[in-house]
Amino acid sequence: MPGWLRDDGGLRPDEVKAVMAHLRTLADVKSEADPRPARWVGGDAAAGKRLFETNCSGCHGPQGKGGEGPALNNKVLHESATDSYLVETISRGRRGTAMAGFVEPSPVRPALTRGDIESVVAYLRSLQGGKS
Ligand code: HEC
């Protein structure tokens, strides 16, 4: 996987964003006709941090800095992803990838409630700008 930013002879950041927006329309997550504003989650970020450390940081790294899963403490993601997109992605997962849906229990962990997932999103939003 080569890097495609201009320094590497590739795409400008706005072009990367456009490609990502297109990829998201191909994902299962509904991106049109979402009646909610881009930011609506009012979850508990402190509870979300604990849930993240238990359920997510094994793949997404401490403070969402990335690992097997992509970095979630990521400016482009925070600018382009709505709260609905994040809640739905975490709830349903990505078919065909290591990213499981969390509204269903797995053999190794209980399911998360919608409220838990909203708290995780509140925590992810609190990471924006590098805060932890
Ligand atoms: C077993 C590893 C694993 C675990 C555990 C995991 N993820 Fe993921 N996650 C991934 C991978 C891999 C992807 C990239 C999927 C793809 O290629 O589309 C991903 C993608 C995502 C995305 C989409 C990012 C984007 O740029 O669109 C979000 C949001 C996300 N994960 C949040 C979470 C949260 C929150 C948790 C915990 C509740 C979690 N993940 C747990 C592996 C994991």
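Residues numbered from 1 in each chain as written. Predicted model: local features only at pLDDT ≥ 70, side-chain atom pairs only at ≥ 80, totals over all residues. Heavy atoms only, no water.

Trainee: Break down the overall build of the protein for me, with residues and values.
Mentor: Check the secondary structure of the protein and you find 6 helices and 0 strands. Starting at the N terminus, the α and β elements of the protein follow one another as α-α-α-α-α-α. Sorting the 132 residues of the protein into buried and exposed places 32% on the buried side. Contacts spanning at least 24 positions in sequence make up 60% of the contacts within the protein whose residues lie at least 6 apart. Accessible area for the protein stands at about 8,200 Å²; split by element, carbon and sulfur atoms hold 57% of it. (Helix = DSSP H or I, 4+ residues; strand = E, 2+ residues; numbered from the N terminus. Buried < 20%, exposed > 50% of the residue type's maximum accessible area, 1.4 Å probe, protein only. Contact = heavy atoms within 4.5 Å. Areas by Shrake-Rupley, 256 points an atom, 1.4 Å probe, with all protein chains shown as cover.)

Trainee: How would you explain the site of the ligand if you had to name every residue and give the values?
Mentor: Around the ligand, a shell composed of 19 residues is seen, among which Cys56, Cys59, His60, Tyr85 and Met99 lie nearest. One nitrogen or oxygen atom from the side chain of Tyr85 is found 2.4 Å from an oxygen atom belonging to the ligand. The contact in question runs from an oxygen atom of the ligand to an N or O atom on the side chain of Arg94, over 2.6 Å. Applying the majority rule of atoms within 2 Å of the grid points places the ligand in the largest pocket. (Near = heavy atom within 4 Å. Polar contact = N/O pair within 3.5 Å; in protein donor to acceptor, adjacent residues only side chain to side chain. 1 Å grid on protein atoms, 1.4 Å probe; cavity = no way out; pocket = protein on both sides within 12 Å on 5 of 7 lines; lining within 4 Å. Sits in = over half its atoms within 2 Å of the grid points.)

Trainee: Describe in detail the packing of helix 2 (residues 45-55) against helix 6 (residues 114-127), supporting the description with residues and values.
Mentor: Taken N-terminus to C-terminus, the directions of helix 2 and helix 6 make an angle of 100 degrees; their axes are 7 Å apart at the nearest point. By the angle between their axes, helix 2 is roughly perpendicular relative to helix 6. Judged by residue contacts, Ala45, Ala47, Gly48, Lys49, Leu51 and Phe52 of helix 2 engage Asp116, Ser119, Val120, Ala122, Tyr123 and Leu124 from helix 6. Classifying every residue of the contact of helix 2 with helix 6 gives 8 nonpolar, 2 polar and 2 charged. (Axes fitted to C-alpha atoms, helices over the stretch in contact; angles between N-to-C directions. Parallel < 35°, antiparallel > 145°, perpendicular 65-115°, else oblique. Nonpolar A, V, L, I, M, F, W, Y, C, P; charged D, E, K, R; others polar.)

Trainee: Any chance you could break down the nonpolar core for me, citing the residues and the numbers?
Mentor: With 21 residues, the main nonpolar core has Phe52, Ile90 and Leu124 as its most contacted residues. When contributions to this core are tallied by element, the ones reaching two or more residues are helix 2, helix 5 (83-92) and helix 6. Here this core gets 7 residues from one element, more than from any other, and that element is helix 6. In contact with Phe52, other than residues within four places in its own chain, are Ser57, His60, Gly61, Gly64, Leu72, Val120, Tyr123 and Leu124. (Core = buried A, V, L, I, M, F, W, Y, C linked by side-chain atoms within 4.5 Å.)

Trainee: How would you sum up the coordination of the iron atom of the ligand? Please name residues and give values.
Mentor: On the protein side, the iron atom of the ligand has His60 (NE2) and Met99 (SD) as donor atoms, found 2.0 to 2.1 Å from it. Note that the iron atom of the ligand binds 6 donor atoms; their angles at the metal cover 87 to 178 degrees, and the shape is octahedral. Within this pair, whereas His60 is found in helix 3 (residues 57-60), its partner Met99 is found in the loop between helix 5 and helix 6, the two being separated by 39 residues in sequence. Given a relative accessible area of 10%, His60 falls into the buried group. Residue Met99 is classed as partly exposed on the basis of its relative accessible area, which comes to 23%. (Donors = N, O, S within 2.8 Å, 3.2 Å for Na, K, Ca; no water. Tetrahedral: all angles 85-135°; square planar, octahedral: opposite > 155°, others 65-115°.)

Trainee: Before we move on, can you summarise the layout of surface pockets with the specific residues and values?
Mentor: Within this model, the largest pocket holds a volume of roughly 890 Å³. In terms of lining residues, the largest pocket is bounded by 32 residues, among which His60, Pro70, Leu72, Arg94 and Met99 are the most central. Among the elements of the structure, helix 1 (13-26), helix 2, helix 3, helix 5 and helix 6 are those that each provide at least two residues to the lining of the largest pocket. When residues of the lining of the largest pocket are assigned to their parent elements, the largest contribution, 4 residues, is made by helix 5. (Points joined across faces, edges and corners; volume = space filled by probe spheres on them.)

Trainee: An account of the pattern of salt bridges is requested, with residue identities and associated values reported.
Mentor: A complete count under the given rule lists 6 salt bridges for this structure. Note that Lys49 is salt-bridged to Glu53, the shortest N-O span being 3.0 Å. Of this pair, Lys49 and Glu53 both sit in helix 2, separated by 4 residues, roughly a single helical turn. Salt-bridge contacts for Arg92 lead to Glu88; the nearest nitrogen and oxygen are separated by 3.1 Å. Taken together, the residues span about one helical turn, with Arg92 and Glu88 both in helix 5 at a distance of 4 residues. (Salt bridge = Lys/Arg side-chain N within 4 Å of Asp/Glu carboxyl O.)

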